[in-house]
Every structure is written in structure tokens, then in C-alpha cells.
Amino acid sequence: MLGDDAELTAAVLAAQDGNETAFRTVYRAVHPRLLGYVRTLVGDPDAEDVASEAWLQIARDLERFEGDADRFRGWAARIARNRALDHIRMRGRRPAIGGDETELTGRPAESDTAGEAMESLSTDHTLSLIARLPQDQAEAVVLRVVVGLDAKTAAETLGKRPGAVRTAAHRGLKRLAELLGDDPESTGGLDGLPPQREPRDAAVTSASVTHMRARTQKDM
């Protein structure tokens, strides 16, 4: 592990030992992206409340967590998703699922990368466009590109196969590019969407580490 992943892993371990400063570090590193994911599920008005409920559970169950930064992000995303679905059930609403998700199973995506990211778009504007995607595609895009999960961890979060998540993310990114092309507020299209996270054993170049570190610092 390099850079921010190593730092997040160390902060999680320290937070498990009761270090409040370390927990704040974990929160600052993970919350903005987790909140973006929750927004795609419940909408903006309720997202902060649902995310707060998720963090209460994360804090309560943290000592039982085992794993590194990647696993923590996936674990936190599963908790947030469960809280969001509970919220939806309580409100008597269901997320708008676009199409039959089972048709994605076993169909590999043409590509497992998204190009480079929409630096020209604000986070809120980008998420508002992602929210217009079918729900399965929106979740896959946010988990892979915004939260930063690899396909396996994203699949575990959604209860699907990695191939289905890769395909949903690919279709969502393709549709997002179309939406950006029609959007007068967009100036750069998909010139900046960060690459989808590869499995932990994938090769990591110094350039990719530098890019990820700079992007994370900007997001914080």
C-alpha cells in the first residue's frame, strides 16, 4: 500500500484503539465520497441524516472490523447502503431501478476504465447527473469511481457478481458521457473521470499514485 491507503489503514487501526483524532481522520477521508453514494440512493434532502446514521453504526461496530483501507471503504459503503434502504422502506419509496439487473450477469464490460475525470464539474453537479442514471448503473459508477472500490468489493457491497458491476459501471459511464455532451454546464465531458479502481494486485505506477493523491487532497 502507498500514500493515502496506508494512512487510512493506520488511522482505522488507531481509531479502533479509541483514538478520537484518528477517527476524525477516517471520517474526513471517507465521508465526502460516502455522502455522494447516499445521495444517489435517497436524494439530497435526506442524505446527510442517512449518512449520519451510517456513521453512528460505523463508530459503534468499528472495533469488530478487520481489514485495510480498501476493505474499510467497502464495509462503510455496505453500512451506508443498508441505512439508505431502511430509510427508503420507512418512507414507502423504492429506488427507481432501470431495467432488469440480472441481464448484466456474466456479460463482461468492453472496458474496465472510465478515462480521466470531470475536473470541470462540481461534485454536486456531477452527482446530479449520475442520479439520472438507472439505479444499478448509478450505484456501480459511484462505488467504482467516487467511493473508489474495486469491482470485487463493489460487488460484495451490492450483492452481485463483479462482472455485473463492471458492466453496469461501463454502461453508466457511457450514458453519463452522453448526458454531459447534452449539458450546457459541462465544458470538459468525460475528460476527467478518475479511473475505476483495479484489484489490489494490479500494477501501480508512480504517476497513478501521484494523480490519486492529488485528487484525494482536492476532495478533502
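Since we're looking at a predicted model, the values are computed, not measured. (Residues numbered from 1 in each chain as written. Predicted model: local features only at pLDDT ≥ 70, side-chain atom pairs only at ≥ 80, totals over all residues. Heavy atoms only, no water.)

Thoughts on the overall build of the protein chain
Logical step 1: Counting its regular elements, the protein chain contains nine helices and zero strands.
Logical step 2: Going from N to C terminus, the protein chain has its helices and strands arranged as α-α-α-α-α-α-α-α-α.
Logical step 3: Per-residue burial over the protein chain gives 46% buried out of 220 residues. (Helix = DSSP H or I, 4+ residues; strand = E, 2+ residues; numbered from the N terminus. Buried < 20%, exposed > 50% of the residue type's maximum accessible area, 1.4 Å probe, protein only.)

Here we look at the packing of helix α2 (residues 20-42) against helix α6 (residues 135-147)
A packed helix pair is summarised by two numbers, namely the angle formed by the two axes and the spacing between the axes.
Logical step 1: Contact geometry for α2 and α6: axes closest at 10 Å, N-to-C directions at 175°. Of the possible angle classes, the one that applies to α2 and α6 is roughly antiparallel. Each of R33, G36, Y37, T40 and L41 in α2 lies in contact with α6, whose residues at this interface are Q135, E139, V142, L143, V145, V146 and V147.
Logical step 2: Considered class by class, the residues forming the contact of α2 with α6 number seven nonpolar, three polar and two charged. (Axes fitted to C-alpha atoms, helices over the stretch in contact; angles between N-to-C directions. Parallel < 35°, antiparallel > 145°, perpendicular 65-115°, else oblique. Contact = heavy atoms within 4.5 Å. Nonpolar A, V, L, I, M, F, W, Y, C, P; charged D, E, K, R; others polar.)

Section: the pattern of salt bridges
Logical step 1: Tallied over the entire structure, the rule returns nine salt bridges.
Logical step 2: For R60, the salt bridge identified is with D61, shortest N-O distance 3.5 Å.
Logical step 3: Since its relative accessible area comes to 55%, R60 is described here as exposed.
Logical step 4: For D61, a relative accessible area of 12% gives the class buried. (Salt bridge = Lys/Arg side-chain N within 4 Å of Asp/Glu carboxyl O.)

Some points on helix α7 (residues 151-158)
Logical step 1: Counting buried residues along α7, six of its eight residues qualify, which places the element largely inside the surrounding structure.
Logical step 2: Looking only at α7, the buried set comprises A151, T153, A154, A155, T157 and L158.
Logical step 3: Two or three places before K152, at the opening of α7, D150 has a side-chain oxygen 3.2 Å from that residue's backbone nitrogen.
Logical step 4: Immediately beyond the C-terminal end of α7, within one or two residues, lies G159, with a positive phi of roughly 70°. (Polar contact = N/O pair within 3.5 Å; in protein donor to acceptor, adjacent residues only side chain to side chain.)

Structural notes on the packing of α2 against helix α3 (residues 44-61)
Logical step 1: Running from N to C, α2 and α3 point in directions that differ by 135°, and their axes come no closer than 9 Å. One finds that α2 runs oblique with respect to α3. Read as a crossing pair, α2 and α3 show a hand that is right-handed. For the pair α2 and α3, contact is made by F23, V26, Y27, V30, H31, L34, L35, V38, R39 and V42 and by D44, D46, A47, E48, V50, A51, W55, I58 and A59, respectively.
Logical step 2: Its residues assigned to classes, the contact of α2 with α3 comprises 14 nonpolar, one polar and four charged. (Left-handed = near helix turned anticlockwise from the far one by under 90°.)

Topic: the confidence of the model for the protein chain
Logical step 1: Looking at the protein chain, the pLDDT average stands at 74 and 66% of residues meet or exceed 70.
Logical step 2: The weakest mean pLDDT in the protein chain belongs to helix α9 (residues 206-219) at 35; the strongest belongs to α3 at 94.
Logical step 3: Here residues 187-194 is a poorly scored stretch, pLDDT under 50, and it has 29 contacts once near neighbours within four places are set aside; other chains count. (pLDDT = per-residue confidence, 0-100.)

Description of the packing of aromatic side chains
Logical step 1: Applying the stated criterion across every chain, the model contains five aromatic pairs.
Logical step 2: Residues F23 and W55 carry aromatic rings whose centres are separated by 6.0 Å and whose planes lie at 85° to one another, so their mutual orientation is edge-to-face. Residue F23 is located in helix α2, and its partner W55 is located in helix α3; the two are separated by 32 residues in the primary sequence.
Logical step 3: Overall, F23 belongs to the partly exposed group, its relative accessible area being 24%.
Logical step 4: Ring pairing ties together the aromatic residues F23, Y27 and W55, which thus form one cluster. (Phe/Tyr/Trp six-rings, centres within 6.5 Å; stacked < 30°, edge-to-face > 60°.)

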